Structures are given as C-alpha cells and as structure tokens.
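Okay, here's what each chain looks like letter by letter:
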Amino acid sequence: MAKSSMLKSSIAKKVAMALSGLFLIMFLALHFFINMTSVFSADVFNAMSHFMGYNPLIQFVMQPILVAGVVFHFVMGIILKSKNRSARPVAYAKYNGAANASWASRNMIISGLVVLAFIGLHFYDFWVQEITYKYIDGNSIEPTRYFGELVAKFESPVRTGLYCIAFVLLSLHLWHGFNSSFQSVGLNNKFTKGFQRCAHAFAIIVPFGFIFIALFHHFFNN
C-alpha cells in the first residue's frame with residue numbers, strides 16, 4: 001500500500017513538472033516572437049514591448065505566475081532527481097552513461113541550473129529594470145526606448161557569447177524535457193510521433209532563433 005502511494009506521488013510530481021514545463025514553453029514562444037520582430041522592425045518591436053510593459057494583467061498577474069512557474073519547475077526537477085538517486089539501493093559498479101543515455105538526459109540538472117541562472121539575469125536585465133524605470137525612478141513614458149535598450153544588451157561580445165551558450169544548453173534541456181513530458185503525461189497514440197517531431201523542431205528553432213537575434217544585433221547594430 002505504501003509503495004503504491006509513493007508511486008502515485010512520484011507520478012503526480014512528474015506530471016506536475018511536465019505541465020509546468022509546457023506552461024513555460026508558451027512564455028518562451030511568445031518571448032521569441034516578440035524578440036524576432038526586432039530583427040525586421042524597430043517600430044513593431046517597440047510597440048509590442050510597450051504593450052507588454054504597460055499592460056497591468058501582464059505585469060502584475062502573468063509575470064508573477066511565470067516566476068512561480070519557473071521556480072516550481074526547477075525545484076521539482078531537483079526533487080525528482082534526488083528521489084531517483086535515493087531509490088537505487090546499491091550504486092552501479094560500473095556505469096557507462098554515454099552508452100545508456102544522452103548527455104542532455106544525464107545532465108538535466110546542470111543545464112537546468114544554467115538556464116535558471118540565465119532566466120534570473122534576464123529578469124534582472126529587463127523586468128527589474130523596467131519596474132525601476134517606471135515605478136521607482138518615475139521616468140516619463142518613452143514608447144520608443146525598447147529597441148535601443150535591447151541592442152545595448154548585445155554590445156559586449158562576452159555577454160553575447162554567454163547568452164548564446166545559455167541558449168545552446170536550453171536547446172539540449174528542451175530536447176530531453178519534451179521527451180520526458182510526453183512520457184509523464186502518457187501521450188502515446190498515433191499522433192505521438194508528430195508531436196515529438198514538432199517538439200524537437202521547437203527545441204532547435206526557438207533557442208537558435210534567440211542566438212540569431214543576439215548575433216544579429218551584436219554585429220549589425222553595435
């Protein structure tokens with residue numbers, strides 16, 4: 001009975017982590033779409049960023065939910081990883097990780113922590129500074145300031161390089177994360193392969209799209 005209860009609890013945690021991950025994917029897709037407009041039109045990017053920055057629903061409801069989702073997702077990942085390790089009564093005498101699992105699956109905690117650190121920096125760069133600009137310093141509304149602020153973030157080659165590395169790790173994290181999410185929510189039907197192909201395409205296109213945006217602004221707008 002106790003073992004059955006523990007199994008159900010573990011499955012519930014995995015499903016919760018998978019659903020929180022899928023929620024964060026929606027934010028990532030929206031964020032990517034808005035940032036990609038900066039490559040084609042500074043005016044469109046400014047307009048969309050201004051709307052996001054001054055919409056009370058987004059600022060005071062969606063963003064706190066997003067922060068809570070990020071923290072929940074990574075805390076659950078660490079808890080599940082710890083439980084998996086403690087569930088092994090005896091350590092493997094010899095474990096060839098590369099032969100049994102991909103680098104991404106063996107290092108989800110590492111890539112996750114790097115991505116978490118990057119998200120923290122990202123929130124500091126954009127959300128904290130946005131709040132400071134509007135509510136602490138009391139600056140006047142400048143609807144056209146966003147493009148210049150974005151470009152300035154990619155002036156430093158070191159910062160741009162670290163940004164790119166973070167998104168490479170995010171790509172690996174997403175690749176394995178999607179596979180785990182499909183298994184956790186029990187998605188196993190005739191559409192599964194199609195979903196997996198779309199998920200893997202997302203894991204490549206979106207992170208490397210962010211890298212393209214960073215490099216574009218670094219080389220052409222600085």
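Residues numbered from 1 in each chain as written. Predicted model: local features only at pLDDT ≥ 70, side-chain atom pairs only at ≥ 80, totals over all residues. Heavy atoms only, no water.

Looking at the overall build of the protein chain
Here's step 1: Secondary structure assignment for the protein chain yields 9 helices and 0 strands.
Here's step 2: Taken from the N to the C terminus, the helices and strands of the protein chain come in the order α-α-α-α-α-α-α-α-α.
Here's step 3: For the protein chain, the proportion of contacts with a sequence separation of at least 24, taken over those separated by at least 6, is 82%.
Here's step 4: Carbon and sulfur atoms form 70% of the exposed surface of the protein chain, whose accessible area is close to 13,400 Å². (Helix = DSSP H or I, 4+ residues; strand = E, 2+ residues; numbered from the N terminus. Contact = heavy atoms within 4.5 Å. Areas by Shrake-Rupley, 256 points an atom, 1.4 Å probe, with all protein chains shown as cover.)

Considering a nonpolar patch on the surface
Here's step 1: Residues L57, F60, V61, M62, I65, Y135 and I136 make up a contiguous nonpolar surface patch of roughly 700 Å² in combined accessible area.
Here's step 2: At the level of elements, α3 (56–86) and α6 (108–136) are the ones that each hand at least two residues to the nonpolar patch.
Here's step 3: For the nonpolar patch, the leading source of residues is α3, giving 5 residues.
Here's step 4: Within the fold, M62 resides in helix α3.
Here's step 5: A relative accessible area of 38% places M62 in the partly exposed class. (Patch = residues over 30% accessible without salt bridge, like charges linked within 9 Å, V, L, I, M, F, W, Y side chains within 5 Å. Salt bridge = Lys/Arg side-chain N within 4 Å of Asp/Glu carboxyl O. Buried < 20%, exposed > 50% of the residue type's maximum accessible area, 1.4 Å probe, protein only.)

Description of the environment of G53
Here's step 1: Within the secondary structure layout, G53 lies in helix α2 (residues 42–54).
Here's step 2: In contact with G53, other than residues within four places in its own chain, are Q59, E130 and K134.

Looking at the nonpolar core
Here's step 1: Ranked by size, the top nonpolar core spans 34 residues in total, and within it L28, Y163, F167, L174, F178, F202 and F210 carry the most contacts.
Here's step 2: When residues of this core are traced back to their parent elements, those giving at least two are α1 (2–40), α3, α6, α7 (146–153), α8 (157–184) and α9 (192–220).
Here's step 3: Top element by residues in this core is α9. It accounts for 8 residues.
Here's step 4: When near neighbours in sequence (up to four residues on either side) are disregarded, L174 contacts I25, L28, F202, A203 and P207. (Core = buried A, V, L, I, M, F, W, Y, C linked by side-chain atoms within 4.5 Å.)

Details of α2
Here's step 1: If you check α2, its first and last C-alpha atoms are 18 Å apart, about what 13 residues at 1.5 Å a residue would give, namely 18 Å.
Here's step 2: F45, N46, S49 and G53 are the residues of α2 that are buried. Within α2, the buried residues cover an arc of 100° as seen down the axis, which keeps them to one side. (Expected span 1.5 Å × (residues − 1). Arc of directions from axis to C-beta.)

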